[in-house]
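# Architecture and fold: a report
Letter by letter, the chains look like this.
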Amino acid sequence: MASPKTVPKDAQVMMQILKDMGITEYEPRVINQMLEFTYRYVTTIIEDAKIYSTHAKKSNVDADDVRLAIQCRVDQSFTSPPPRDFLLDIARQKNQTPLPLIKPYTGPRLPPDRYCLTTPNYRLKSLQKKVSSSAGRITVPRLSVGAVSSRPSTPTLGTPSVQTVGTKVGTPVSLTGQRFTVQIPSSQAASVKSVQNVLINPSLIGSKNILITTNMVSQNSSSDSSSLKRKHEDEDDYDAL
Amino acid sequence: MAAVQDGQMELDAEKETKPEVLSDGTSNLSGSTASGTPLTAGGAPTQEDQQTLIAVLQFLKRNKLSDSVEILRREAGLGDQEDSQTLEGSGGGKGDGGGGDANSLLSRVSIPSAAAPQNTPTPATVKRADEQLDVSVVLSAYSQQGDPSLYQVYYSGLKNFIESVLDCHRAELSQLFYPLFVHMYLELVYNNHESKAKAFFEKFGGDQECYYQDDLRILCGLTKKEHLKGNEALLDFRTSRFVLRISRDSYQLLKRHLQERHNNQIWNIIQEHLYIDIFDGMPRSKSQIDSLSGSFAGEARREVNKVKVFHGLLKEPEIEVPLDDEDDEAENEEGKPKKKKTKKDSVGSKSKKQDPNAPQQNRIPLPELKDSDKLDKVMYMKECTKRIRLNPENLPSICFYSFLNAYQGLTAVDFTDDSSLLAGGFADSTVRVWSVTPKKLRKVKSATELNLIDKESDDVLERIMDEKTASELKILYGHGGPVYGLSFSPDRNYLLSSSEDGTVRLWSLQTFTCLVGYKGHNYPVWDTHFSPFGYYFVSGGHDRVARLWATDHYQPLRIFAGHLADVTCTRFHPNSNYVATGSTDRTIRLWDVLNGNCVRIFTGHKGPIHSLAFSPNGKFLASGSTDGRVLLWDIGHGLMIGELKGHTDTIYALKFSRDGEILASGSMDNTVRLWDSIKAFDDVETDDFTAATGHVPLPDNSQELLLGTYHSKSTPVTHLHFTRRNLLLAAGAYTSQ
């Protein structure tokens, strides 16, 4: 710990608080964290109070504004767990239902898919645009995936290569923010378009609802190339990831 | 709205009792001050009537019946001046003329008018009444109280009395000091007598027991009413009644004294906030009381611990063990190896009759055994035959896994039951899984590749694994905060992790990806534990509840609410029908999975509980906390049967050996200690008589039970695990200072 002479007064106050609360051993970083927290909290409250006082057309910020600011912030950031009687109440309700019977072996026992993190939480929309028959037209789609930012990758099935994307109908695709170069073989001009159906997890989709369009062309040739045209919805989401 | 109505009803109740209270208080006041009643000019009513009228006045004011207030005041001939003077006089001139609510009400009134207390209190009173009704119901009952300046007198009076009684009763009655002190202090604070509260605290705070000092330190920081509102723990302390166990003789003494002296303030507090569990028997000694006290809400009532608990083990399923060269030919029952060394044998020998202490097989739905589970069981039984028998002469070897470069970020560790995998949860929100055996960790192949393999081949289970992903270590990313709890599933397929971000995550150990995130606690989840049969798991967190989940339900199945502070440790009983939770409120509760009821409350620790362990036969529970003691509990009778002293710092790891002969404890003081649990459990006699009183004399034999102390250089022990062959594995993070 720095010698008391060189420690600023605020830090000395923090050290005194820790001493009063009986905390004798602590890392030196704790003082800095406490100072930072105090500064941030106080400035937030005072800024809020200033807003309230200007809203009330007062010239100065007074105690009532500060009180109101504190009240509003308490409900937002410093929430505490629900009170005991509330917890006892919901516990009583929950505990009345008997334990559900277990179905015989049905594979891994997991909640319904929408509550799991096993599948992508986006769906690929079908693109009704006609496939152009001009050969050699290469589209360079850009991919933006919104809400799957911090999750670990789902079981991947084949990494997308630069040339083609190998997928099969009905299988989930793990899409990362990669660039794909897609070749549309001209021979598949008149082919069946099918919609690739991927399960959607609305509960996991964040504020940005990204729908990625695809044109899934099934082929009957041995080469497993199919074209996927992706329409990016929001340009800047890609950067925001 | 409900709160307001309740407030009013409570005020009604108060009104009924208030006249009595104040009249009693008056007689007390007159008794203590021994002064004549200083009445104003003749014709004024007596002290008692004055007080009653003032009480009624307060009530009317609180309910904004200002017209009635005026009428009453006029008719009774009371003026505000008289109110304050009467009370001042009756207080014997002590203090600042503070008196009941009347004065606090009136002093509020006087502030805006900035003059001596005047009448026309309407707007201010309305505001005050509103405030009072807005204040939570929980706190409003504190408004019933007597003269604050006399609190010190009451308390000292009680103290003197208790010091003068016989020795045998003194210890028991001293239990009263702490709850009374706290409640009186809180009443003073609530009614805004800040200076008096501080004086009261200074005078009597030091007298309290040492194990309450932490609570008192928090308490002395609370000096204003606003502080009370935000403090959940105190509100819970206020609502839940502090339980004291006193023998009948001591209780009679106390009651007689309090009723003689008209110390009704104390009597009121006792009646309202304390619950005195009277038992017939010898008064307890100080050490006996000390061993059981320490929790937020006093001790546990005896009838709470009387519910029948099925602590026996479930019958093992009968499995054919394929005879090979290793096993003996002579097997008496199916699946029973000749050398009877394991707990299963004892159960198996009674397989024809039901253990009366064991729950029914179908009491709670349990998953049935899959083929892979049966194979696991066969492996398990084979390992059991090779198990080392432990006893005081034959101590286990200890293998310590030190986590290097964890920078004090290791927050949770778990081993699989067959000790093949080790997982660590870290403060950087990652979970890392290592393979303990030379066999590397592999992921399952992708779906395309899986289609290509030959499904009928014998080694299909190896073929589904992708060799390209083989590694010693797998890192699992996903949590948003430090990982505080880890638990492997018994079938080694899943890993659970609980974190500060409020979620519990289920990871697959075949694909090493996250499968489900269970959201329910919105606050840090401190611990999680899989059931010994899989499928169910329990988690406990900062929101003071423990939740029971099943892997295929996204919402909890049971909520175990009742603790007064965070739930820090959760464990399943070996028969999966009960869950034990240890909490920061220093109690351990045992919950029934079937209906969510709390069936046992164990008090006695003096600090938050961080580790729990059930003995393999299901009868006993061991718990360790920050006070460095390991306490042993008999679940069937609900009693503390042992105390193991020796550690000097928090005990984070407790494990019984596979047959329950040795209890290993690991602590922050860098040691692992081994205790003789057979001896500890044998020495106890629990007949019905002693059980009825709720306590059993504890032998002070920690030294004899300690079989060995093993120091690590500077690695606190975070986790302990006995392998199937009774080798002890320990894990901790190396700290370099």
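Shown above is the structure to which this text applies.
These numbers were taken from a predicted model, which means no experiment stands behind them. Just so you know, the residues in each chain are numbered from 1, in the order the chain's sequence is written. Numbering of ligands from 1 and lettering of chains from A proceed in the order in which they are written. Reporting in this predicted model follows two pLDDT cut-offs: at least 70 for local features of residues, and 80 or more for side-chain atom pairs to be given and counted; totals over whole chains, interfaces and linings ignore these cut-offs and use all residues. Side-chain descriptors were evaluated using all non-hydrogen atoms of the structure, hydrogens and water having been removed beforehand.

### As for the sheet that holds strand β28 (residues 671-676) of chain B
Residue and element names in this part refer to chain B. What counts is decided by this rule: Strand pairing requires that DSSP identify at least two bridges connecting the strands. Here a strand is any run of E in DSSP of at least two residues, a helix any run of H or I of at least four, and the numbering for each starts at the N terminus. Think of each axis as a best-fit line through the C-alpha atoms, taken over the contacting stretch in the case of a helix, with angles from 0 to 180 degrees between the N-to-C directions.
Read from one edge to the other, the open sheet built from four strands follows the order β26-β27-β28-β29, with strand pairing classed as antiparallel. Of all strands in the sheet, those bounded by a partner on one side alone are β26 (651-656) and β29 (706-711). Between one strand axis and the next, the sheet turns through 15° on average, direction left out of account. Here five bridges tie β28 to β29, and the two strands are oriented antiparallel to one another. Paired with threonine 671 across the bridge in β29 is histidine 711.

### Description of the pairing of strand β11 (residues 494-499) of chain B
Residue and element names in this part refer to chain B. Convention followed: The buried label applies to any residue whose accessible area, calculated with a 1.4 Å probe on protein chains only, is under 20% of its type's maximum; exposed applies above 50%, and partly exposed to all values in between.
Taking burial as the measure, the six residues of β11 include six buried ones, the bulk of the element. Because side chains alternate across β11, one face comprises the buried residues Tyr494, Leu496 and Ser498, and the other comprises Leu495, Ser497 and Ser499, equally buried. One ladder, built from five bridges, connects strand β10 (residues 483-488) with β11; its direction is antiparallel. Opposite phenylalanine 488, over in β11, you have leucine 495 as the bridge partner. Linkage of β10 to β11, two consecutive antiparallel strands, is achieved through a turn of five residues, within which arginine 492 is found at a positive phi near 60°. Alignment of β11 against strand β12 (residues 503-508), held across five bridges, turns out to be antiparallel. Bridge pairing in β12 links serine 498 to valine 504. Remark: three residues form the turn of the hairpin made by β11 and β12, two consecutive strands paired antiparallel; glycine 502 in that turn has positive phi of roughly 90°.

### Observations concerning the packing of aromatic side chains
Residues and elements named next belong to chain B. Applied cut-off: Any two rings among Phe, Tyr and Trp, with Trp reduced to its six-membered ring, count as a pair given centres within 6.5 Å; such a pair is stacked if its planes are under 30 degrees apart, edge-to-face if over 60, and tilted if neither. Charge over a ring is defined by NZ of Lys or CZ of Arg lying within 6 Å of the ring centre and within 35 degrees of the ring normal.
Summed over the entire model, instances satisfying the criterion amount to 28 aromatic pairs over all chains. An angle of 10° between the planes, with centres 3.8 Å apart, marks the rings of phenylalanine 620 and phenylalanine 681 as stacked. One end of the pair, phenylalanine 620, is in strand β23 (residues 620-625); the other, phenylalanine 681, is in helix α22 (residues 677-682), and 61 residues separate them in sequence. Residue classification places phenylalanine 620 among the buried residues on the basis of a relative accessible area of 12%. Residue phenylalanine 681 is classed as buried on the basis of its relative accessible area of 13%. When the ring centre of phenylalanine 512 is taken as origin, the NZ or CZ atom of lysine 474, which lies over that ring, is 5.7 Å away. Positioned above the aromatic ring of tyrosine 211, the side-chain terminus of lysine 606 is 4.7 Å from the ring centre.

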